[in-house]
Amino acid sequence: MFLSKILRAVDHPMLDGPGGRKLNNSWKIQGLTVKSIKHHVALQPLFIIMGAGVVFVAVYIGRLASKTTDINWFKAKDMGDHMGYYNNKQFKFFNPAGTDYSTISDKRQAPNYRE
């Protein structure tokens, strides 16, 4: 409350007057409006590449949140209940070796700790 009183007491022409900071610091930054992007042709590929990168990162983070074993979305008391879901499933994003994940848990003869 004390800080808000001080901030409300600031009443200088350098903030609100003609040529003041509030008028100079507008939200229309050059290069970030559609009109300026059409004018600056060299910025168009930059925005396309950066936009594609942002979309890829968002999709990949969503995939990591939904497919990997690092995040637990189940409220099971026993860890084996939800970790057994990943038996014989591929959760890698890229498989250049062409490994068949449908039988990999059986081939490595993983021990069954529940018995």
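Residues numbered from 1 in each chain as written. Predicted model: local features only at pLDDT ≥ 70, side-chain atom pairs only at ≥ 80, totals over all residues. Heavy atoms only, no water.

A. A look at the overall build of the chain. The helix and strand inventory of the chain stands at seven helices and zero strands. Listed N to C, the secondary structure of the chain is α-α-α-α-α-α-α in terms of helices and strands. Residues classed as buried in the chain amount to 9% of the 115 residues present. Sequence separation of at least 24 residues holds for 18% of the intrachain contacts in the chain that already meet a minimum separation of 6. Looking at the chain as shown, the accessible area adds up to about 10600 Å², and 64% of this sits on carbon and sulfur atoms. (Helix = DSSP H or I, 4+ residues; strand = E, 2+ residues; numbered from the N terminus. Buried < 20%, exposed > 50% of the residue type's maximum accessible area, 1.4 Å probe, protein only. Contact = heavy atoms within 4.5 Å. Areas by Shrake-Rupley, 256 points an atom, 1.4 Å probe, with all protein chains shown as cover.)

B. Quick peek at the confidence of the model for the chain. In the predicted model, the chain carries a mean pLDDT of 78, and the fraction of residues at 70 or more is 79%. Mean pLDDT values for the elements of the chain range from 65 in helix H2 (residues 13–16) up to 92 in helix H5 (residues 44–67). (pLDDT = per-residue confidence, 0-100.)

C. The arrangement of the packing of aromatic side chains in detail. With the rule as written, the count across this model stands at one aromatic pair. When the centroid spacing of 6.1 Å and the interplanar angle of 10° are considered together, the rings of Phe56 and Tyr60 count as stacked. Taken together, the positions of Phe56 and Tyr60, both in helix H5 and four residues apart, correspond to about one turn of that helix. (Phe/Tyr/Trp six-rings, centres within 6.5 Å; stacked < 30°, edge-to-face > 60°.)

D. Representation of the side chain of Ser36 within the structure. Mapped onto the fold, Ser36 is located in helix H4 (residues 34–39). One polar contact links Ser36 to Thr33, side chain to side chain, over a distance of 3.0 Å. If we skip the residues at most four places from it in the chain, Ser36 touches Gln30 and Gly31. (Polar contact = N/O pair within 3.5 Å; in protein donor to acceptor, adjacent residues only side chain to side chain.)

E. Highlighting the environment of Thr69. Within the secondary structure, Thr69 is located in the loop between H5 and helix H6 (79–83). By relative accessible area, which is 28% here, Thr69 ends up partly exposed. Linking Thr69 and Phe91, residues 22 residues apart in sequence, is a C-alpha distance of 8.4 Å.

F. Representation of a nonpolar patch on the surface. The grouping of Phe56, Val57, Tyr60, Ile61, Leu64, Phe93 and Phe94 at the surface amounts to a nonpolar patch, some 710 Å² of accessible area in total. Take Leu64: it is sitting in helix H5. (Patch = residues over 30% accessible without salt bridge, like charges linked within 9 Å, V, L, I, M, F, W, Y side chains within 5 Å. Salt bridge = Lys/Arg side-chain N within 4 Å of Asp/Glu carboxyl O.)

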